[in-house]
Amino acid sequence: VNDWIKPWFIFVFVCLACESGTLASDTALEKSPAKIAAVQAASDPLVVLANRLQSKLVKIYGAGGPKGLESYQSGFLVSDAGHVVTSWSTVLDVNAIRVVTHDGRKDDAEIVGMDPETEIAVIKMTRGDSSFFSLQDIDEPIVGNRVLGLSNLFGIATGDEAMSIQRGVIMAISPLSARRGRLKTLYQGRVLVLDVMTNNPGATGGAVVNLEGDLVGMLGKELRDDQSNIWLNYAVPADVVSSSVRRILEGKTNSPVRSQQLKIAQRPHRLPNLGIILIPDVLPKTPAYVDQIVPKSIAERSGLMANDLVLLLNDIRIESRRSLEESLATIDVADSFTLLVQRGQELVRLDVRP
Amino acid sequence: MTSIIHPRVRLLLSLAKDSIALYCAGRWFPTLVAIIAFSQLAFAETLSIPEPSPAVLESQTQRIRAIAKATQSTIGVFGVDGQGGGSGVIISADGYALTNFHVTEPFGNRMRCGLSTGEMFEAVIVGIDPTGDLALIKLYGSDSFPFATIADSNTVQAGQWCFAAGNPFVLATNLKPTVTWGIVSGVHRYQYPSGTILEYTDCIQTDAAINPGNSGGPLYNSHGDLIGINGRCSFEKRGRVNVGVGYAISTNQAQLFLGHLKSGRIVDHATLGFTVGSENGRVVVTNILETSDAYRRGLRYGDEILRLDQRDITSVNQLKNILGIYPTYSRLRLRYRQEQQTIDTWIRVAPLHSAEELQEIANGKPEEAPVEEEPDSTPQTIDDPLSDRFEKRNGFANYYFNRVELDRVLGLSGDASLWSKQTGDWHWSGKLRGEQSGWSVQLTKATIESTFGDENIRLDATRGWESAIESKSLHSSSLAVRLWQLWQTLGPRKMGESIYLGTTKMVDFDEMVDLTKVTAGEVEAYFYTAPDDGRVLLIEVEADSQLDRLEVYLDDYQKQADLKVPRSLRVVFGTETQFIVDLDPLVFAVQAGGGL
């Protein structure tokens with residue numbers, strides 16, 4: 001409750017000061033009710049905070065559209081070089097990710113890297129901005145803390161329009177894996193469970209902040225418990241975001257783009273030889289989804305299954321069917337390799353031995 | 001504030017009392033020690049639980065006060081059979097209340113409203129805005145209804161506390177409104193129309209829980225002043241319950257429509273007559289109707305829109321936001337850039353729908369439908385206490401209120417009976433300001449004679465008006481004088497079909513004025529009258545909706561034998577002043593028909 005009192009105290013003080021006319025600026029203003037209301041609203045600490053944070057937020061547009069898949073989501077700046085943290089999702093499955101900053105300026109962003117375990121992606125705009133969230137010195141959030149959720153849920157804001165702000169309380173801090181098998185998410189670490197309907201379409205990648213405006217977490221994806229039909233509103237804690245971002249920036253998660261220097265093997269692995277049949281290549285970036293596995297093939301022996309989505313090959317990110325084929329071509333037919341696949345809501349690591 | 005002893009300490013005190021009494025017997029010293037120790041303990045305990053800061057208590061008190069005040073004017077809206085249910089808010093002591101059109105629509109023209117006191121009141125539909133999802137109803141049964149204080153919604157900002165009151169899920173059987181507290185999540189939001197949901201422009205987004213049944217109910221700021229009418233949520237796959245995103249129609253939009261809704265009409269929204277697109281961050285005209293007022297004011301394809309209604313245009317949504325809060329019959333300030341030139345002008349908006357379209361939207365079915373409904377409603381109206389407060393008429397939600405409003409406008413001046421005696425011939429002359437030449441008008445029953453400088457023409461009392469206005473003839477000013485004569489002496493009802501339209505703003509005149517439309521022979525005349533004394537400020541005459549209207553501003557009113565008479569006229573076509581006449585006193589002929 002303590003962190004709540006402070007801004008309220010300031011708010012009420014300013015209100016009282018406005019009423020009694022002790023603020024110098026007030027004397028210059030007309031005493032119309034509208035003006036007073038405007039002054040009071042402008043001095044409301046949450047209003048000040050909401051305005052201040054807008055410049056750290058971005059709207060992200062990419063792939064999607066049909067079948068209820070949104071083509072937009074939210075993100076926030078974490079460096080003065082234009083690094084943006086967002087949620088790793090199908091929205092990012094495009095060559096040029098469109099980012100719109102608070103002032104309505106459009107920019108293209110590239111994927112720097114992603115962390116499959118936290119489903120966090122870092123993308124980089126072509127230009128930086130002095131306004132960003134610090135990922136240093138993160139305070140441990142406590143259950144009961146008041147927080148604000150800032151996101152472009154439902155894609156309500158476009159251009160230079162301000163992103164939406166919602167207020168809530170951290171209800172629980174708990175591992176998401178407690179719900180494993182019932183909620184569809186790859187991330188199974190600690191999450192901040194919120195009491196406010198934040199996790200709506202397009203909200204993922206949005207910022208959760210405390211009342212000082214410091215980053216507390218990143219809004220997760222939409223999650224529904226299939227049995228109770230209850231939607232979970234949660235955020236990935238800032239310390240998890242921070243370490244994930246650090247690993248991505250240090251290149252420890254996986255190389256963002258397959259290095260061009262890798263030599264093509266003399267006798268490389270090929271999908272038919274492995275017994276993998278992927279879904280047809282119809283998009284610029286068709287995901288590497290396994291359609292079928294040939295019985296008694298290497299793939300079947302290694303435990304690969306139909307409907308698996310290949311995410312990493314030897315820790316190189318596989319962004320499409322084509323990139324899987326290209327990466328396979330660098331491995332000699334006699335060599336083993338590892339795959340990280342998404343199977344339902346789980347991540348499965350497989351050793352493929354010829 | 002009195003100090004509060006922590007309950008734990010109080011318990012300890014009561015428990016310790018007996019044992020201390022026992023202990024005291026014959027052992028005064030240890031007793032003293034015990035008492036001192038105990039009192040110190042109690043003191044320490046009291047201190048360690050500090051009172052909440054006065055600021056917190058103050059803000060809590062304010063919150064309680066705001067809710068107590070706001071819930072009084074919040075109503076539940078039901079059908080006459082008690083079925084269904086939405087919310088609403090009373091905005092005047094005589095019982096006018098705002099709600100959503102989609103709330104009143106299933107109830108037709110009659111409803112019942114419940115106040116937080118548990119009392120039920122009969123209510124009747126007044127006016128509807130099907131496009132903007134607003135409806136005005138009137139409660140009967142009291143002349144001192146509690147009503148909401150309306151705040152300026154333009155001062156509302158994201159992050160500000162707010163709360164919704166209403167009847168979500170029609171839960172409150174005792175009619176006490178449910179209050180849901182939250183913050184403003186965004187302002188000036190534009191929401192596209194989708195499916196059956198209407199377009200919401202310039203609206204307020206909140207995370208206060210808005211659920212079915214909250215529709216039409218009020219959104220208040222932390223002081224308990226009305227800032228919006230809740231009406232829509234971002235529902236997608238999650239079903240029709242709160243998802244943390246609710247939208248409220250701003251009170252500024254409601255205020256702009258309020259006068260129109262009071263007219264009992266099916267109120268329409270506006271169109272600019274041109275479309276815009278976004279081009280490198282600029283909002284440019286992508287298409288324009290040559291018949292639009294904007295075109296007549298010089299706007300062309302490719303021009304950049306800079307400001308509308310004194311608000312900067314940075315996106316297409318922003319333009320739609322501004323346009324959406326205005327009813328038709330409005331005139332908006334426009335600033336645009338053409339090549340290197342910045343042009344400021346005023347444009348007249350056109351109705352968004354045709355009369356037939358609007359009727360169809362209001363009915364949800366073709367125009368003929370209401371007639372079929374009549375057998376159903378007839379038995380009900382027999383013992384309906386408000387049956388004399390409803391009049392069906394095409395284009396109206398309730399024509400009864402149009403008569404009420406027109407009566408109000410005509411009653412403002414208080415000198416109608418004096419004017420009604422001046423039905424004889426009129427002669428009026430004056431001088432053109434800044435020029436030597438004269439101007440005069442002579443009005444008889446059959447003719448209108450106009451002198452402008454050396455030129456003298458005679459117009460028929462009813463015919464030939466159209467061509468005079470279409471050709472922008474300077475003599476057409478005499479037609480406006482004739483219309484004013486008829487308005488003053490006969491009253492609009494005897495001039496032709498007269499409809500009170502609502503309140504609107506005039507060019508360079510900030511106050512809202514009453515607007516009445518009179519179909520007089522070949523032309524349509526619009527009378528703008530002052531809200532305080534009903535004097536006519538402006539008469540606009542339209543011969544063809546695709547051409548500029550004749551505008552005659554009546555100014556410098558002076559008393560002339562107990563009658564208020566203007567002493568100057570300003571004649572305008574489009575936005576250009578043609579001339580100003582400084583008038584001599586008006587001369588009334590003693591006998592009718594003779595001339596001077």
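1. A word on the overall build of chain B
A tally of helices and strands in chain B yields 14 helices and 32 strands. Taken across its 596 residues, chain B has 53% of its residues classed as buried. Across chain B, the fraction of contacts at a sequence separation of at least 24, relative to all contacts at a separation of at least 6, is 59%. Of the accessible surface of chain B, which amounts to about 26,300 Å², a share of 53% is contributed by carbon and sulfur atoms.

2. Describing helix H5 (residues 238–249) of chain A
With 12 residues, H5 of chain A should reach 16 Å at 1.5 Å per residue; the first-to-last C-alpha distance of 16 Å fits that figure. Taken as a whole, H5 of chain A has its buried residues at Ala238, Val240, Val241, Ser242, Ser244, Val245 and Ile248 of chain A.

3. Remarks on the environment of glutamate 449 of chain B
All names here are of chain B. You can see glutamate 449 is positioned in strand E23 (residues 447–452). On the accessibility criterion, glutamate 449 (21% relative accessible area) is partly exposed. In this structure, the C-alpha to C-alpha distance between glutamate 449 and histidine 475, residues 26 residues apart in sequence, is 8.9 Å. Glutamate 449 has contacts with Ser440, Val441, Gln442, Asn456, Ile457 and Arg458, leaving out every residue within four places of it along the chain.

4. Describing the sheet that holds strand E10 (residues 207–209) of chain A
All names here are of chain A. Ordered by their spatial adjacency, 6 strands build a closed barrel running E7-E8-E9-E14-E11-E10, and the pairing between neighbours is antiparallel. Adjacent strand axes in the sheet meet at a mean angle of 40 degrees, parallel and antiparallel pairs treated alike. Alignment of strand E8 (residues 164–175) against strand E9 (residues 190–194), held across 5 bridges, turns out to be antiparallel. Within E9, the position partnered with isoleucine 170 by the bridge is leucine 194. The strands that H5 touches are E9, strand E11 (215–219) and strand E14 (234–237); relative to E14, the one it contacts most, it runs at about 55 degrees.

5. Here's the deal with the side chain of serine 116 of chain B
Residues and elements named next belong to chain B. Its location among the elements puts serine 116 in the loop between strand E4 (110–114) and strand E5 (120–129). Judged by its relative accessible area of 11%, serine 116 falls in the buried class. Apart from the residues lying within four places of it in its own chain, the contact partners of serine 116 are Thr71, Gln72, Thr74, Asn174, Leu175, Lys176 and Pro177.

6. Here we look at the environment of alanine 329 of chain A
All names here are of chain A. Locating alanine 329 in the fold gives a position in the loop between helix H8 (321–328) and strand E19 (337–343). Separated by 41 residues in sequence, alanine 329 and alanine 288 place their C-alpha atoms 15 Å apart. In this view, alanine 329 contacts Ile264, Ala265, Pro268 and His269; residues no more than four positions away in its chain are not counted.

7. Things to note about the confidence of the model for chain B
Residue and element names in this part refer to chain B. Across chain B, pLDDT averages 86, with 86% of residues at or above 70. Taken element by element, the predicted model of chain B shows its lowest mean pLDDT in helix H9 (residues 369–382) (42) and its highest in strand E3 (residues 96–99) (98). Segment residues 7–26: pLDDT under 50, and 12 contacts once partners within four positions in sequence are set aside and those in other chains are kept. Low confidence marks residues 592–596, where pLDDT is under 50. Its contacts with residues over four positions away, or in another chain, come to 9 contacts. Scored as a complex, the prediction yields pTM 0.81 and ipTM 0.78.

8. Some words on the packing of aromatic side chains
The way to describe two aromatic rings as a pair is by their centre distance and the angle between their planes. Residues and elements named next belong to chain B. Taken as a whole and assessed by the stated rule, the structure comprises 17 aromatic pairs over all chains. Both rings, one in phenylalanine 121 and one in phenylalanine 145, keep their centres 4.9 Å apart while their planes meet at 75 degrees; by these two values the pair is edge-to-face. Taken together, the residues phenylalanine 121 in strand E5 and phenylalanine 145 in the loop between strand E6 (134–140) and strand E7 (161–166) connect sequence positions 24 residues apart. Relative accessible area serves as the criterion here: at 11%, phenylalanine 121 is assigned to the buried category. The exposure class assigned to phenylalanine 145 is buried, which follows from its relative accessible area of 4%. An aromatic cluster is defined as three or more aromatic residues linked by ring pairs; in this entry it consists of Trp419, Trp426, Trp428, Trp484 and Phe588. Its end group placed over the ring of tyrosine 140, lysine 138 keeps NZ or CZ at 4.3 Å from the ring centre. Taking NZ or CZ as reference, lysine 262 lies 5.0 Å from the ring centre of tyrosine 96, over its face.

9. Topic: the confidence of the model for chain A
Residues and elements named next belong to chain A. When pLDDT is averaged along chain A, the result is 82, and 81% of the positions lie at 70 or above. Within chain A, helix H2 (residues 24–28) has the poorest average pLDDT of any element, 38, and E10 the best, 97. When the criterion is pLDDT under 50, residues 12–31 qualifies, and its contacts beyond four places in sequence or with other chains add up to 21 contacts. This stretch, residues 179–183, has a pLDDT under 50; its non-local contacts, to residues over four places away or in other chains, come to 14 contacts.

10. Description of the nonpolar core
Soluble, globular proteins show a tendency: their nonpolar side chains are buried together. Counting residues in each nonpolar core, the largest one holds 84 residues, and the members touching the most others are Phe76 and Val85 of chain A together with Leu98 of chain B. Ranked by size, the runner-up nonpolar core spans 45 residues in total, among them Val409, Leu459, Ala525 and Leu563 of chain B.

11. Looking at the pairing of strand E18 (residues 331–338) of chain B
Residues and elements named next belong to chain B. In this sheet, E18 lies alongside strand E16 (residues 304–308) in antiparallel orientation, the contact comprising 4 bridges. Bridge pairing in E18 places glutamate 304 opposite arginine 337. Both E18 and strand E19 (residues 341–348) contribute to a ladder of 8 bridges, which runs antiparallel. Directly across from leucine 334, in E19, lies its bridge partner threonine 345. The hairpin turn running from E18 into E19, its antiparallel successor, is 2 residues long, and glutamate 339 in that turn takes a positive phi close to 50 degrees.

12. Some remarks on the environment of alanine 299 of chain A
Residue and element names in this part refer to chain A. Turning to its location among the elements, alanine 299 is positioned in helix H7 (residues 298–302). Of the residues examined, alanine 299 reaches a relative accessible area of 3% and is grouped as buried. It is 41 Å that separates the C-alpha atoms of alanine 299 and serine 151, two residues lying 148 residues apart in sequence. Among residues more than four places away in sequence, those in contact with alanine 299 are Leu274, Gly275, Ile276, Ile293 and Leu304.

13. Things to note about a nonpolar patch on the surface
Residues and elements named next belong to chain B. Taken together, the side chains of Phe169, Leu171 and Val241 present a nonpolar region at the surface, about 280 Å² in accessible area. Looking at the secondary structure, you find phenylalanine 169 in the loop between E7 and strand E8 (178–191). Here phenylalanine 169 falls in the partly exposed class, since its relative accessible area comes to 44%.

14. What to know about the side chain of asparagine 214 of chain B
Residue and element names in this part refer to chain B. Residue placement: asparagine 214 occurs in the loop between strand E9 (200–206) and strand E10 (218–221). Look at asparagine 214 and you get buried, because its relative accessible area is 1%. Leave out the neighbours within four places in its chain, and asparagine 214 touches Ser87, Ala164, Ala165, Gly166, Asn167, Pro168, Ala209 and Asn230.

15. Some thoughts on the sheet that holds strand E1 (residues 74–78) of chain B
Residues and elements named next belong to chain B. A barrel is described by the order of its strands in space; here 6 strands give the closed sequence E1-E2-E3-E6-E5-E4, paired in antiparallel fashion. Neighbouring strand axes in the sheet, compared pairwise and without regard to direction, differ in orientation by 40 degrees on average. Relative to E4, E1 runs antiparallel, the two being bridged by 3 bridges. Opposite phenylalanine 78, over in E4, you have arginine 112 as the bridge partner.

About the thresholds
Residues numbered from 1 in each chain as written. Chains lettered and ligands numbered in written order. Predicted model: local features only at pLDDT ≥ 70, side-chain atom pairs only at ≥ 80, totals over all residues. Heavy atoms only, no water. Helix = DSSP H or I, 4+ residues; strand = E, 2+ residues; numbered from the N terminus. Buried < 20%, exposed > 50% of the residue type's maximum accessible area, 1.4 Å probe, protein only. Contact = heavy atoms within 4.5 Å. Areas by Shrake-Rupley, 256 points an atom, 1.4 Å probe, with all protein chains shown as cover. Expected span 1.5 Å × (residues − 1). Pairing = 2+ DSSP bridges. Axes fitted to C-alpha atoms, helices over the stretch in contact; angles between N-to-C directions. pLDDT = per-residue confidence, 0-100. Phe/Tyr/Trp six-rings, centres within 6.5 Å; stacked < 30°, edge-to-face > 60°. Lys NZ or Arg CZ within 6 Å of the ring centre and 35° of its normal. Core = buried A, V, L, I, M, F, W, Y, C linked by side-chain atoms within 4.5 Å. Patch = residues over 30% accessible without salt bridge, like charges linked within 9 Å, V, L, I, M, F, W, Y side chains within 5 Å. Salt bridge = Lys/Arg side-chain N within 4 Å of Asp/Glu carboxyl O.

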